[in-house]
Amino acid sequence: MGVDLLNVRGLAGLDQHAPVVMLNLMRFRERSLDGDGSGWDAYLRYSALTVPMIKARGGTLLWTGDAKTVALGREAGNTWDYLALVYYPTVAAFIDMMTSADYESRCDPHRTNGCAEHVIIVTREAYSKFKIM
């Protein structure tokens, strides 16, 4: 598995058949580690490969946008460049994508090259209560 920080134990404790929305927080490198443009450029390559994989598993990109500023809380360590909300029909679909050989070999290198830091937080309540679509 190429995604060394994937919290397998935490994800295993969730209902594998429940829908989830993943909050992605990204901080980009100034230059891509592979030397091919900026961190943003590498992330665009990552997205172009990953979005079809998400859709193939029944998921969808709900929203993306630039992070502007911390509105509440400590700013130090909490500044991000970009945010994304991604819906998956099940936790198992997310795990299947993240642990697939295709993701590991084709997608994750671009994510690693582009992101100095990438945190994904699992949420279900907002989706089920507010029916975001």
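Above: the structure in question.
Residues numbered from 1 in each chain as written. Predicted model: local features only at pLDDT ≥ 70, side-chain atom pairs only at ≥ 80, totals over all residues. Heavy atoms only, no water.

Visitor: Provide a residue-level description of the packing of helix H2 (residues 39-56) against helix H4 (residues 101-114), including the pertinent values.
Guide: Axis separation between H2 and H4 bottoms out at 7 Å; the angle between their running directions is 155°. Relative to H4, H2 is oriented roughly antiparallel. For the pair H2 and H4, the crossing hand works out as left-handed. In contact with Gly 39, Ala 42, Tyr 43, Arg 45, Tyr 46, Leu 49, Thr 50 and Met 53 of H2, H4 contributes Asp 102, Tyr 103, Arg 106, Cys 107, His 110, Arg 111, Asn 113 and Gly 114. Its residues assigned to classes, the contact of H2 with H4 shows seven nonpolar, five polar and four charged. (Axes fitted to C-alpha atoms, helices over the stretch in contact; angles between N-to-C directions. Helix = DSSP H or I, 4+ residues; strand = E, 2+ residues; numbered from the N terminus. Parallel < 35°, antiparallel > 145°, perpendicular 65-115°, else oblique. Left-handed = near helix turned anticlockwise from the far one by under 90°. Contact = heavy atoms within 4.5 Å. Nonpolar A, V, L, I, M, F, W, Y, C, P; charged D, E, K, R; others polar.)

Visitor: An account of the environment of Thr 99 is needed here, citing residue identities and associated values.
Guide: If you trace the backbone, Thr 99 turns up in the loop between helix H3 (91-98) and H4. A relative accessible area of 33% means that Thr 99 is categorised as partly exposed. Each C-alpha atom, one on Thr 99 and one on Arg 74, is 33 Å from the other, the two residues being 25 residues apart in sequence. In this structure the side chain of Thr 99 is engaged in a polar contact, spanning 2.7 Å, whose partner is the backbone oxygen of Ile 95. (Buried < 20%, exposed > 50% of the residue type's maximum accessible area, 1.4 Å probe, protein only. Polar contact = N/O pair within 3.5 Å; in protein donor to acceptor, adjacent residues only side chain to side chain.)

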